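So the chains spell out like this:
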Amino acid sequence: MGQLSDIQRYIELIRDIPLDEKRPEFEELLELMRHVKPIDGNTRLLEAGIGSGWFQILCSISGIPCVGVEIYPELVKFAHENARKHGVELNLMIGSIEDVDIGEEQYDVIFATSVFEHVLDWKQGVERIYRAL
């Protein structure tokens, strides 16, 4: 049997985490964002580095639009599968935050948790985020 990639191992670790376990972290992140901008159904959010997609799923369930950017296609596929289990669809882009076109003046809040330490050209990533806000 072949070895699992780091991404496959990560997916195996997070596969069975119930969405309800992520609800407190979701609420904490929204509370932090509310210090900058009211968060509701009209707020345009973008998350760089989506993991299992739990944040987008909880946003969708809560009526908050949120786009995700993820460099690993395997995580995007997993997030879509995870979302379907919860009866929602996600708006996800595949690419690195320093390379993917996220537009200009498109978002009210952009966040990344445990992401930028993995971004090769972090300055370019921050510049894209700045322009997209």
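Residues numbered from 1 in each chain as written. Predicted model: local features only at pLDDT ≥ 70, side-chain atom pairs only at ≥ 80, totals over all residues. Heavy atoms only, no water.

**Q** Account for the sheet that holds strand β2 (residues 66-70), naming residues and giving values.
**A** The strand order across the open sheet formed by four strands is β3-β2-β1-β4, and the pairing between neighbours is parallel. This sheet does not close on itself; its edge strands, each paired only once, are β3 (91-94) and β4 (109-111). Adjacent strand axes in the sheet meet at a mean angle of 20°, parallel and antiparallel pairs treated alike. Pairing of strand β1 (residues 45-48) with β2, which is carried by four bridges, proceeds in the parallel orientation. Directly across from glutamate 47, in β2, lies its bridge partner glycine 68. Set on the sheet, helix α3 (residues 54-62) makes contact with β1, β2, β3 and β4; between it and β2 the angle comes to about 170°. Where helix α4 (residues 73-85) meets the sheet, it contacts β2 and β3, and its direction lies at approximately 165° from that of β3. (Pairing = 2+ DSSP bridges. Helix = DSSP H or I, 4+ residues; strand = E, 2+ residues; numbered from the N terminus. Axes fitted to C-alpha atoms, helices over the stretch in contact; angles between N-to-C directions. Contact = heavy atoms within 4.5 Å.)

**Q** Go over the packing of aromatic side chains with me, naming the residues and quoting the values.
**A** By the definition in use, this model includes three aromatic pairs. With a centroid separation of 5.2 Å and an interplanar angle of 55°, the aromatic rings of phenylalanine 26 and phenylalanine 55 are classed as tilted. Note that phenylalanine 26 is positioned in helix α2 (residues 19-34) and phenylalanine 55 in helix α3, a separation of 29 residues in sequence. An identical accessibility class is assigned to phenylalanine 26 and phenylalanine 55; each is buried. Their ring planes at 65° and their centres at 4.7 Å tell us that phenylalanine 55 and phenylalanine 111 sit as a pair that is edge-to-face. Of the two residues, phenylalanine 55 is situated in helix α3 and phenylalanine 111 in strand β4; the sequence distance between them amounts to 56 residues. For the residue pair phenylalanine 55 and phenylalanine 111, the accessibility class agrees, reading buried in each case. Here a set of aromatic residues connected by ring pairs shows up, and it is made of Phe26, Trp54, Phe55 and Phe111. (Phe/Tyr/Trp six-rings, centres within 6.5 Å; stacked < 30°, edge-to-face > 60°. Buried < 20%, exposed > 50% of the residue type's maximum accessible area, 1.4 Å probe, protein only.)

**Q** If you had to explain the pairing of β2 to someone new, which residues and values would you point to?
**A** Of all five residues making up β2, five are buried, and the element is well covered by its neighbours. Side chains Cys66, Gly68 and Glu70 of β2 all project onto a buried face; the interleaved residues Val67 and Val69 project onto the opposite face, where all are buried too. Traced from β1 through α3 to β2, the parallel crossover comes out right-handed. Taking the sense of rotation as the criterion, the β-α-β connection linking β2, α4 and β3 turns out right-handed. (Right-handed = clockwise from strand over helix to strand, strands pointing away.)

By themselves, these observations are geometric and do not establish any function.
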